[in-house]
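Residue strings, one per chain:
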Amino acid sequence: MSQFLQIMLSGLATGSIYALVAIGFTLIWQSAQTVNFAQGEFVMVPAFLVLVGMNFLGMPLWIAIVFALLVSIVLLGYVFKKLVVEPILPSGGISLIIATMALGIFLKESVKEFYGAEAQPFPPLFPTDPIHILGAVVSLQDIINLAIALGIVVLLTLFLNRTRTGRCMQAAAQNPAVAEILGVNVKRMILYAFLINAALAAVASFLITPVYLAKFSNGEVLGLIAFIAAIVGGFNQIRGALVGGLLIGVLDNLTATYVTAEYRAALPLVLLIGIILIRPQGIMGTPEGRAV
Amino acid sequence: AVRIGVVAELSGAGAPSGTNWRDGARLAVEEINAEGGILGRMVEITEYDTQTDPQVSRALVQKAIDEGAFAIWGTIYSGSTIVNMLVAMQNGVPQFVGSEAPPIVQQGNPYIFRTSMGAQKGVPGLTPYFTDTLGVEKVGVAWTNNEFGKGGHDVFIQEMENVGIEVVADISSEQGQADFASDVSQLRDSGAEAIFVYMNQEESARFLIEARKQGISVPLVGEVTLNDQKVIELAGDAANGAIAHVGLTTAAPEIAAFGEKFNERYGREPIQDAIKGYIAAWATKYVTEMVGEFDQEAFVETMHGLCLPADQYPNILLDICWDETGEVSRPSFMVEVQDGSPVVIERLPAN
Amino acid sequence: MLELKDIYGGYGKITILNGTSFKIPPASITTIIGPNGAGKSTAFKAIFGLLSIQSGNVILDGEDVTRRTPAEMIARGVTYVPQGRNVVPQLSVYHNLELGGITSPDQQKVRDRMEQVMDQFPTLRERRNQKAIELSGGQQKQLEIARALLLDPKLILIDEPSIGLSPNLVQEVFRTLTKLRDQGVTVLMVEQNAKAALAMSDYGLVLELGRTRMHEPAAKLLSDPRVGQLFLGGHANVEAPANGI
Amino acid sequence: MEKLRRPFIILGLLVLAALTPIGQGNYMVYVLTSWLIFSIAAMGLNLTLGYAGQISLAQASFMAIGAYTTALLTLSGVHWIVAAPVGMALCFLVGLVLGYPALRVKGHFLAFVTLAFNTLVFLVLRNEDWLTGGSYGLVGMPRPDFGLFQTMKQIHFYYFALGITVLASLVMWGIVRSPWGRAFKALRENPVRAESLGVDTRRITLLAFAIGSTYAGLAGALVTPLVQFIEPGSFGLAHSLRILLMVVVGGSGFFFGPFVGAAVVILLPEFLRFTEGYYLIIYSGLVIAMLAFVPNGLMGIGTRLAGKIRRQRPIDAALPEEGQLK
Amino acid sequence: MSAPILSVRNISKAFGAIRAVNDVSFDVQPGEILGLIGPNGSGKSTLFNCVLGQLLPDHGTVHINGNSVSGKRACDLNRQGVGRTFQQLSVFPQMTVLDNIILAGQEHHGTMLSRLFGKPDAGLTEAADNMIEFFRLGHLRDELAGSLSYGQQKLLDAAMAFMAGPGLVLLDEPAGGVNLTMLSDLKERLRAYNLEHGTTFVVIEHNMEFVMSLCSRIIVLAEGAVIAEGTPDDIRNNQVVIDAYLGA
Ligand SMILES: Nc1ncnc2c1ncn2[C@@H]1O[C@H](COP(=O)(O)OP(=O)(O)OP(=O)(O)O)[C@@H](O)[C@H]1O
Ligand SMILES: Nc1ncnc2c1ncn2[C@@H]1O[C@H](COP(=O)(O)OP(=O)(O)OP(=O)(O)O)[C@@H](O)[C@H]1O
Ligand SMILES: CC(C)C[C@H](N)C(=O)O
Ligand SMILES: [Mg+2]
Ligand SMILES: [Mg+2]
């Protein structure tokens, strides 16, 4: 029993991190109708910015965090949008997929080349003291991660659906031509989405790196799982990312424990295929509507 | 000048190992060249990045040979070495590798030489520790499911069977896995009295962190990596108490000087792969000069059954012997992490 | 009010507008007719800043507005209803409508206007919470037209509003446009439903090969026999190909 | 004139392909052979993606199926000429099955289903040691021997691969210009309309996957004797992505795109090697720049230039007489 | 009276609370040109989609030539001679006009295999060229369909429905955006087909002049149900229809 509880709680803790990254996917989808395959690297980079701040610029941890957040927003939000998304978006989804993949390699290799290939320790932002619940152990950090993921989902959903700017962002994504003739500043809307995404990625980065350790290759698996989480949960709903993330986190641990560790990596994938075949719009997603 | 091909995992998952190997080799080459090179010829290394992709590594070994490499240094990941060692053999080029998987020396390839003990030798070195020192009856195993991990795992299971210790939990994980909650909790509930951890460095660190979090109190025992400098750096306090059987560690007095040199040159602690790279380079020099000319056939012939004592060949760091298969014999160490640094608790003779 | 001076422009290397020129007076309705592919829609895009213009000028109220962006044209009181379907698929009808007034600083007024246009097109009120993509073709068109009325424009560019609308709604739209004209709004419209459109227009304009061929009071065009033959339902005799099945 | 020029260019390229490896070192010949092999795999993906519009990130796993089948059979003494078609047939069947999700989902979602498939294949190859040798892989597969022509020497193997590539291209050419090719494109452009015009979109989708996969299978069947060693890691996701990159960079939907793309993806890193650690950075930067400036891929540049010339027709001829007012 | 070519019985289709089509039944006789009109949102397009397999009706049956179409896919129906157009423009934008037309015809000849090994144009170039000429798209033959104007695409769309050589054609607003000269040609063309080949047409259209002069019988839908049926003259003078649809 305590093992089961432990597995569930650990799963939720990891799942909330997947969710944080997955939210970025759904956000970008809802506001730019594209997919950022470098998302995993977007989560990897801010941690290194913190390390640069601390180890080379001599900043204390919290200052370094703020510094990294700002630099991430500029670099992974503004510069990314200007230099990669804007020129390539018009030539279609697949080109952008490839471009973001290339960007992923670019970021990964740059970090490796300029900071080093080895994993680096990263200080926890919140106390890691264990909290015992019925024989299972979680840390305060885990609980904070979960709370943050939840909070962001609620805030972003409200922002996108309840504010005019949010709706303009959606319009700009779903039908940029129409948005433009109605006077919506399409480019700016897309920029907002990318800025928010960068900020989210940075937050996710600060929260997980103490556990995952800072390493140039961290993004590979994380980006993949987060994307799967987004699809499983439902790509066109922010809350889908949360559900998908938590689900994968928990199921992953359950499979590893009770079914098979060797095929553990297959589980999210099987889940993905299953969901897509049964409910293509994802668990929380809504169908895209009328085709004819 | 004499050309050497450094074929290593400079990018991809193996980058930490590969870059350390390369840096260790570079350091050695700088020293060798400062001493006048090998047989008076400067050593010139060309680096080839395998991207941790075995097929690329195979192509690159071919390329290095096409470009006239006298010897190949690398690769480190067993998965790559198994693939590319054939090419070096077909071309008759000696190759030093940093890999531990048992099959590498079991295929009758006369050109391959390890720089560290294979798992089939290293892991049995630990068995007495389980039977005598710990005196346990039930153990758990946590290992990474790649060529390296599988090699060690298979040997360990066999060993435990031989000495009659029951393996109550046998848990594999993926290379690059970040979340060890499930692995640790299964081990915790398995009733194991000690846990054998056989993973690459980062995985080891993450495992230790999670084990600490879930309050595992039984001994965690590893081989090769568990007490590596890098693991300690990453796992912090969580590494304290971990015990490992290692062939190479800067905690050993013979190797401490190398650690300082490396640190001075690169500004960081070396991991064991750096030591391996360094040894590969110096062995190439020593043996070539022993042969007296750049003759690859004579080189491998000399290597087989050769012993280099450290007092005559100081930069080989520890007395070392290669047998007919290219496997090494060398003294090794039991190391425990105490207060954040590895401490040698026992010195095992070469076997 | 609006003047096009010798506009040349098109897509990539192809020029579609070959010196298009015309001038329309304020508070009037002008209907552009012409064969398919004449460049009517292209002319609208040129006015609204959606086309790369090679040469020539677009003049609005005496100001040169050539190559302005759509946003700038909206700021000058121009709205545009393009041909085809133009809704934001996953947003609700209400929020689609709201987008029509998104640039206005006076949101209260936009909301009042929204109530008015929903009175005019009751379907939209009925369906206000439905996704726009789920509407029928004609309902989407209603949404688009309604959307263009929110900002109290000075000039409306409307490209074939009758496509997909049921006859009573076409009449409703024409009535609305007439009313707007009476309030001083200028309307420039493309219509293939030429008879009905010219009947409510002040001027008619025939565009061919990207050039203005005729520009007359609507009544005069209506009675022109050549125009009647080609654009008002007269029959041009063409042999049907022998096979094709 | 137009019509005559094309065969000449193709002939010229063929001669070039035949002459290039002469006098090169083993390594270069090896790289050129990989170029041919990856061109075949990319050609298959180009059909699935470029023509039929169905994205697949599983191309490497079909190479794996082809490679492992060929390896297991040739190791047990079956001749390559028999083993390879068996591998391809298997790919065709599995490709049909993988096509099923494509009937339900499109775009990014499909990308991920296929990606999942790729990962599953990888896990099976690695975990089922009894068949696949697990992570140690399979080793020692013979190169095909055709009596008078043996492929043991690197350069001979190159010509062998070249022959197969030419054959595969001819078949592909036949497919894309047949009505099937048109139906593939229709599927890409507007599946609903295609269906209403009698195109069995379901069957065409499955075929697009199956044929594309068969080409990957063929490529895999060539990898086995080339490398004479296969292991799961060589058919991971990263390789599927590389093949996708070849298709896009070369120009998806262009017949010769895959050859150009494979050349860029395989040969460019060779030229960048001198930059040492930086080459992947430079390489990925170049890819991004290329996508920004040459969105239709490298083949797209040529077509665009040709289009510029052709497009300068006088617009006045464009409208029929009877539609004009006089 | 001969057996109906199309027989619709009690078809209903709801989207959530919206009852788009509500218990609609009617027959179409071979050789008829039937008009289907009704206010926006009255369920006309939905009805087409239910008949042709794009949507699954909640209730009711559809028979074509006496055979139930339930479970049949659009492509099967098309191969059996049922052609259609969609209300929204539906061409293949990145294919040339010629290729669009050939595609529309090619699936009606031979088998899957013969289409792989046969002629690249399936022997249709000549027929396609005639069709292109008829719709006055000759100068656009080798242009990409996506670069055509709205009306040109509409014509291309209609031309594709004809290439199928069908016995029953369902047209959803063929007239929208088409130049009047072309429109009267289109009408002639429909009539000619109807006479020569006995092709049956069901036409949704809001252009009353077109419908009234073309159709022999008209059905009026409103809110998903049939509210009137009769000859053009009957309909023109039917007060219910005038109120609901035609307007003053
Ligand atoms: N997928 C859908 N989801 C929800 N409602 C739908 C959907 N499809 C159609 N509807 C609704 O069904 C009704 C009928 O739509 P349909 O498209 O059949 O109308 P129509 O008669 O063709 O109208 P029009 O003349 O405007 O084309 C409309 O009210 C429409 O909003
Ligand atoms: N995006 C485009 N790319 C290239 N050519 C185009 C494009 N859009 C239109 N054209 C061409 O420009 C010409 C004029 O098109 P336009 O849409 O302005 O015609 P139109 O007068 O509005 O016709 P319609 O009555 O059919 O709407 C046509 O010959 C068309 O083929
Ligand atoms: C990173 C190292 C532990 C890898 C190991 N040398 C191997 O054989 O794969
Ligand atoms: Mg137009
Ligand atoms: Mg309709």
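Residues numbered from 1 in each chain as written. Chains lettered and ligands numbered in written order. Predicted model: local features only at pLDDT ≥ 70, side-chain atom pairs only at ≥ 80, totals over all residues. Heavy atoms only, no water.

Undergrad: Tell me about a nonpolar patch on the surface, residues and numbers included.
TA: Residues and elements named next belong to chain D. On the surface, Ile9, Ile10, Leu11, Leu13, Leu14, Val15, Leu16, Leu19, Ile22, Val166 and Leu170 cluster together into a nonpolar patch covering about 980 Å² of accessible area. Breaking the nonpolar patch down by element, the ones donating at least two residues are helix 1 (2-19) and helix 7 (154-177). Among the elements that take part in the nonpolar patch, helix 1 stands out by supplying 8 residues, more than any other. Overall, the relative accessible area of 53% leaves leucine 16 in the exposed class. (Patch = residues over 30% accessible without salt bridge, like charges linked within 9 Å, V, L, I, M, F, W, Y side chains within 5 Å. Areas by Shrake-Rupley, 256 points an atom, 1.4 Å probe, with all protein chains shown as cover. Salt bridge = Lys/Arg side-chain N within 4 Å of Asp/Glu carboxyl O. Helix = DSSP H or I, 4+ residues; strand = E, 2+ residues; numbered from the N terminus. Buried < 20%, exposed > 50% of the residue type's maximum accessible area, 1.4 Å probe, protein only.)

Undergrad: How would you summarise the sheet that holds strand 1 (residues 2-11) of chain C if you had to cite specific residues and measurements?
TA: Residue and element names in this part refer to chain C. Here 4 strands make up an open sheet; going across it, the order is 2-1-4-5 and the pairing antiparallel. The outermost strands of the open sheet, each flanked by one partner alone, are strand 2 (14-24) and strand 5 (63-64). Pairing geometry for strand 1 and strand 2, over 8 bridges, is antiparallel. Counterpart to leucine 4 in the pairing with strand 2 is phenylalanine 22. (Pairing = 2+ DSSP bridges.)

Undergrad: Summarise the coordination of the magnesium ion (ligand 4); cite the residues concerned and give the values.
TA: Each pair of donors in an ideal octahedron of six around a metal sits at 90 or 180 degrees, and each pair in an ideal tetrahedron of four sits at 109.5 degrees. Residues and elements named next belong to chain C. The protein atoms that coordinate the magnesium ion (ligand 4) are Ser41 (OG) and Gln83 (OE1), at distances spanning 1.9 to 2.2 Å. Note that serine 41 is positioned in helix 1 (residues 40-47) and glutamine 83 in the loop between strand 6 (78-81) and helix 3 (93-99), a separation of 42 residues in sequence. Comparing serine 41 with glutamine 83, the two get one shared label, buried. (Donors = N, O, S within 2.8 Å, 3.2 Å for Na, K, Ca; no water.)

Undergrad: Give a detailed account of the arrangement of the chains, specifying residues and quantitative values.
TA: No interface is formed between chain B and chain C, the nearest pair of C-alpha atoms being 38 Å apart. Chain B makes no contact with chain E; the smallest distance between any of their C-alpha atoms is 37 Å. (Contact = heavy atoms within 4.5 Å.)

Undergrad: Tell me about the nonpolar core, residues and numbers included.
TA: Core analysis: the largest hydrophobic core is formed by 318 residues, its most contacted members being Leu2(C), Met63(D), Phe184(D) and Phe135(E). Looking at this core, the element that brings in the most residues is helix 2 (residues 26-51) of chain D, giving 17 residues. In this structure, this core is formed jointly by two domains, domain 1 (1-81 + 166-247) and domain 2 (94-165) of chain E, each of which donates at least three residues. Setting aside residues no more than four positions away along its own chain, Phe135(E) makes contact with Leu155(E), Ala158(E), Ala159(E), Phe162(E), Met182(E) and Leu186(E). (Core = buried A, V, L, I, M, F, W, Y, C linked by side-chain atoms within 4.5 Å. Domains from an automatic or database assignment.)

Undergrad: Can you tell me about the site of ligand 2, naming the residues and giving the values?
TA: In the vicinity of ligand 2, 19 residues are found, and the nearest of them are Lys40(C), Ser41(C), Thr42(C), Ser149(E) and Gly151(E). Neighbouring residues of ligand 2 are not confined to a single chain but are spread across chains C and E. At 2.8 Å from an oxygen atom of ligand 2 is found a side-chain nitrogen or oxygen belonging to Lys40(C). Residue Gln83(C) places a side-chain N or O atom 3.0 Å away from an oxygen atom belonging to ligand 2. For the shell around ligand 2, the secondary-structure elements that each account for two or more residues are helix 1 of chain C together with helix 6 (150-163) of chain E. Within the shell around ligand 2, the residues separate by chemical class into 6 nonpolar, 11 polar and 2 charged. (Near = heavy atom within 4 Å. Polar contact = N/O pair within 3.5 Å; in protein donor to acceptor, adjacent residues only side chain to side chain. Nonpolar A, V, L, I, M, F, W, Y, C, P; charged D, E, K, R; others polar.)

Undergrad: Requested: an account of the sheet that holds strand 5 (residues 67-68) of chain E, with residues and values cited.
TA: Residues and elements named next belong to chain E. Strands sit in the order 2-1-4-5 across an open sheet of 4 strands; the sheet is antiparallel. Strand pairing shows two members of the sheet lacking a second neighbour, strand 2 (18-28) and strand 5, which therefore form its edges. Contacts from helix 1 (residues 44-51) reach strand 1 (6-15), strand 2 and strand 4 (59-64), with the element oriented near 115° to strand 1. (Axes fitted to C-alpha atoms, helices over the stretch in contact; angles between N-to-C directions.)

Undergrad: Go over the coordination of the magnesium ion (ligand 5), please, and point to the residues and values.
TA: Residue and element names in this part refer to chain E. The coordination sphere of the magnesium ion (ligand 5) contains the protein donors Ser45 (OG) and Gln87 (OE1), at a distance range of 1.9 to 2.1 Å. You can see serine 45 sitting in helix 1 and its partner glutamine 87 sitting in the loop between strand 6 (82-84) and helix 3 (97-106), a full 42 residues away along the chain. Both residues of the pair, serine 45 and glutamine 87, count as buried.

Undergrad: How would you summarise the pairing of strand 3 (residues 29-33) of chain C if you had to cite specific residues and measurements?
TA: Residue and element names in this part refer to chain C. Of all the 5 residues making up strand 3, 5 are buried; the element is thus mostly covered by neighbouring parts of the structure. Examined bridge by bridge, strand 3 and strand 8 (residues 186-190) share 4 bridges and lie parallel to one another. Bridge pairing links threonine 30 to leucine 188 in strand 8. Relative to strand 9 (residues 203-208), strand 3 is paired through 4 bridges, and the arrangement is parallel. Bridge pairing in strand 9 places isoleucine 32 opposite leucine 205.

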